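Below, each chain spelled out in residue letters.
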Amino acid sequence: MLIIGGGATGAGVALDAATRGMRVALVERDDFSSGTSSKSTKLVHGGVRYLEKAVWNLDYSQYQLVKEALKERKYFLQTALLPLDKWWKARLTIGRAPIANHAQVTGLTKDDHGRLCGAEIKDLIAAQDGGPVEEFTVRAKCIVNCTGPFTDSIRKMDDQECKEIVAPSSGVHVILPGYYSPGKMGLLDPSTSDGRVIFFLPWQGNTIAGTTDSPAPISSTPLPDEDSVKWILGEISQYLSPEINVRRGDVLAAWSGIRPLVKDPKAKNTEYLVRNHLVDISPSGLLTCAGGKWTTYRQMAEDCVDAAIKEFQLSPSPVINAPRVSDTEVIDDGAILDGSCQTHKVRLIGAHGFSRTLFIPIIQHFGVETEVAKHLTESYGDRAWTVAGLCRLTGQRFPARGERISRLYPFVNGEVRYAVRHEFAQTAVDVLARRTRLAFLNAQAALEALPGAIDIMTEELGWDCQRQDLE
């Protein structure tokens, strides 16, 4: 199985298929979760609008959507075992599946019968390094399209005449200082001035506010428009004390994400948007998994792999000698992998040894600051030991390790090294935006941290002056 797209859905499909004993590869044009998956409201919830329609319209189908999302929320808690307000990205293990970011699909290949049998891939990092661009072909019995807003571009590689199914919608968020909200309490208003839902939530020491919902062109780098930013600030000002003036200058960061709402190409009325998610197989065998929401990515992946097994006669099997994700012989991570879907039980990297007091032995052993230790354990789980060990000595009595890459936030230099060595980080933006969340939390702080991050990555990856300038 070859999966195109490394967001939440693509990673979920890869994990599901790999833990069913299948041979899997995944490629992502940019970085993992660089698109819609990293630009959400950071909420794992049942669906406010779904619940409202279920109650007021007595709509059972809307109730089912809420029920499914809440079931998936329970699985989030079981498999992550980390505080969900800190667990900002799925630090997934995809078994022994080969995966590659910054690898672009440039074309699909078909056999003599017109069935898809592979894809042509271009290595984008080689070009950034100033070397020859490497292109290669990956052969696969099943090709899965998990590219979110870019779903139609892959579908048209398969069939130029296919009708577009994505109806893109833009969602803008802004980040404000932490003093705008209580540390452990959020606010939701489903009845704003124009009927949209707005969230006002504490997030990693700051406050996140959003979101908008308006038609938008598909772009790999969507930018927040000023009108949307002003609308959000105007709405949230109504929830604050009258003496508090919400200023445009208080916005520390802002971003726009594209929601890939989809239409069913096989429905009688193809203009209706799919309420849940879509799993579709083209005549030539392109399997598309699209729509849905971040909360239900695991269920989307399960449905997608079930469809692939049926359509392509794939053979799931027990996983023999599964990787020891727990880094211990005490726990056999492969014991439950019997060939059926087990992603509701597969615990993520870092979950096995996490506890709410783990930060204490981290402080005692490495001499890092309390805020840093809490951040590392809540973001990496038991892998905090590895990250802290990659922090260089400061030369001070305390903190002995853990030099911050920004004085305002608890992100430390060891995280940059860990991102390169263990999490496929290939660019400075990969680190500052998606391995840490600094770029999303404070744009100016990320710019100030950029030179230091580039220096560390140069040590790790051997960049020359040209590549450093590019970064």
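Residues numbered from 1 in each chain as written. Predicted model: local features only at pLDDT ≥ 70, side-chain atom pairs only at ≥ 80, totals over all residues. Heavy atoms only, no water.

Participant: How would you explain a nonpolar patch on the surface if you had to name every residue and give the values?
Facilitator: Where nonpolar side chains cluster on the molecular surface, the patch consists of Leu51, Val55 and Trp56 and spans about 370 Å² of accessible area. Residue placement: Trp56 occurs in helix H2 (residues 48-56). (Patch = residues over 30% accessible without salt bridge, like charges linked within 9 Å, V, L, I, M, F, W, Y side chains within 5 Å. Areas by Shrake-Rupley, 256 points an atom, 1.4 Å probe, with all protein chains shown as cover. Salt bridge = Lys/Arg side-chain N within 4 Å of Asp/Glu carboxyl O. Helix = DSSP H or I, 4+ residues; strand = E, 2+ residues; numbered from the N terminus.)

Participant: So what's going on with the side chain of Thr109? Which residues, and what values?
Facilitator: Here Thr109 lies in strand E4 (residues 103-110). With relative accessibility at 19%, the residue Thr109 sits in the buried group. Not counting the four nearest positions on each side in its chain, Thr109 is found in contact with Arg115, Leu116, Cys117, Gly118, Ala119 and Glu120. (Buried < 20%, exposed > 50% of the residue type's maximum accessible area, 1.4 Å probe, protein only. Contact = heavy atoms within 4.5 Å.)

Participant: Run through the environment of Lys67, naming residues and quoting values.
Facilitator: Inspection of the secondary structure assignment puts Lys67 in helix H3 (residues 60-80). On a C-alpha basis, the gap between Lys67 and Gly46 in space is 6.9 Å, while along the polypeptide they are 21 residues apart.

Participant: Residue-level account of helix H11 (residues 413-422), with values.
Facilitator: Burial within H11 is extensive, with eight of its ten residues counted as buried. Looking at the buried residues of H11, the elements they touch are helix H9 (370-380), helix H10 (384-389), helix H12 (428-435) and helix H14 (443-461). Note on H11: the residue one or two positions beyond its end, Phe424, has a positive phi of about 65°.

Participant: Lay out the nonpolar core with the relevant residues and their values.
Facilitator: In this structure, Trp203, Ile405, Leu438 and Met457 are the most contacted members of the largest nonpolar core, which totals 30 residues. Secondary-structure elements contributing two or more residues to this core are strand E10 (198-203), strand E13 (253-262), H11, H12, helix H13 (438-441) and H14. Of all the elements, H14 adds the most residues to this core, at seven residues. Look past the residues within four positions of Ile405 in its chain and what remains in contact with it is Phe411, Val412, Asn413, Val416, Leu432, Leu438 and Ala449. The next biggest cluster of nonpolar side chains, apart from the first, holds 25 residues, and it includes Ala17, Met22, Cys142 and Cys304. (Core = buried A, V, L, I, M, F, W, Y, C linked by side-chain atoms within 4.5 Å.)

Participant: Before we move on, can you summarise the packing of aromatic side chains with the specific residues and values?
Facilitator: Aromatic rings considered in pairs are described by the distance between their centres and by the relative angle of their planes. Per the stated rule, a full pass over the model turns up ten aromatic pairs. An aromatic cluster is defined as three or more aromatic residues linked by ring pairs; in this entry it consists of Phe76, Trp294 and Tyr297. Sitting over the face of the ring of Phe150, Arg29 holds its NZ or CZ atom 4.6 Å from the ring centroid. The side chain of Lys374 reaches across the aromatic face of Phe359, ending 5.1 Å from its centre. (Phe/Tyr/Trp six-rings, centres within 6.5 Å; stacked < 30°, edge-to-face > 60°. Lys NZ or Arg CZ within 6 Å of the ring centre and 35° of its normal.)

Participant: Help me get a handle on H12, residues and values and all.
Facilitator: Most of H12 is tucked away, with seven of its eight residues classed as buried. All of the buried residues along H12 are Ala428, Asp430, Val431, Leu432, Ala433, Arg434 and Arg435. Looking at the buried positions of H12, the neighbouring elements they touch are strand E3 (99-101), H9, H11, H13 and H14.

Participant: If you had to explain the pattern of salt bridges to someone new, which residues and values would you point to?
Facilitator: Following the criterion strictly, the structure yields 22 salt bridges and no others. The salt bridge partner of Asp306 is Arg20, with a shortest N-O separation of 2.9 Å. Taken together, the residues span a long stretch of sequence, with Asp306 in helix H7 (residues 297-312) and Arg20 in the loop between helix H1 (8-18) and strand E2 (25-28) at a distance of 286 residues. For Arg20, a relative accessible area of 4% puts it in the buried group. With its nearest N and O atoms 2.7 Å apart, the salt bridge here joins Asp250 to Arg247. We classify Asp250 as buried; its relative accessible area is 5%. Here the salt bridges share partners, and the residues they tie into one network are Asp31, Asp430, Arg434 and Arg435.

Participant: Tell me about the packing of H11 against H14, residues and numbers included.
Facilitator: Two elements in contact, H11 and H14, have axes separated by 10 Å at closest approach and are oriented at 40°. As far as their axial angle goes, H14 and H11 are oblique. In this structure, H11 crosses over H14, and the sense of that crossing is right-handed. Residues Asn413, Val416, Arg417, Val420 and Arg421 of H11 form the contact with H14, whose own contacting residues are Ala453, Ile456, Met457, Glu459, Glu460 and Leu461. When grouped by side-chain class, the residues that make up the contact of H11 with H14 number six nonpolar, one polar and four charged. (Axes fitted to C-alpha atoms, helices over the stretch in contact; angles between N-to-C directions. Parallel < 35°, antiparallel > 145°, perpendicular 65-115°, else oblique. Left-handed = near helix turned anticlockwise from the far one by under 90°. Nonpolar A, V, L, I, M, F, W, Y, C, P; charged D, E, K, R; others polar.)

Participant: Which residues make up the environment of Cys341, and what are the values?
Facilitator: Structurally, Cys341 is set in the loop between H7 and helix H8 (359-366). Sequence separation between Cys341 and Leu261 is 80 residues; the distance between their C-alpha atoms is 26 Å. Not counting chain neighbours up to four residues away, the residues in contact with Cys341 comprise Asp16, Arg20, Arg298 and Glu302.

Participant: Tell me what's going on with the packing of H3 against H7, and back it up with residues and numbers.
Facilitator: Where H3 contacts H7, the axes come no closer than 8 Å and their chain directions differ by 100°. With respect to their mutual orientation, H3 and H7 come out roughly perpendicular. Of H7, the residues touching H3 (which contributes Glu68, Lys71, Glu72, Tyr75 and Phe76) are Tyr297, Arg298 and Gln299. Residue classes in the contact of H3 with H7 are distributed as three nonpolar, one polar and four charged.

Participant: Describe unusual backbone geometry, listing the residues and the values that go with them.
Facilitator: Cis geometry is adopted by the peptide bond preceding Thr211, which originates at Gly210 and carries an omega value of 15°. Within the secondary structure, Thr211 sits in the loop between strand E11 (206-210) and strand E12 (214-215). That bond from Phe398 to Pro399 is cis: its omega, -5°, falls within 30 degrees of zero. Residue placement: Pro399 occurs in the loop between H10 and H11. Unlike most non-glycine residues, Leu58 shows phi in positive territory, near 50°. Its place among the elements puts Leu58 in the loop between H2 and H3. Using a relative accessible area of 76% as the deciding quantity, one classes Leu58 as exposed. Positioned with a positive phi, His102 is a non-glycine residue whose angle comes to about 55°. Within the secondary structure layout, His102 lies in the loop between E3 and E4.

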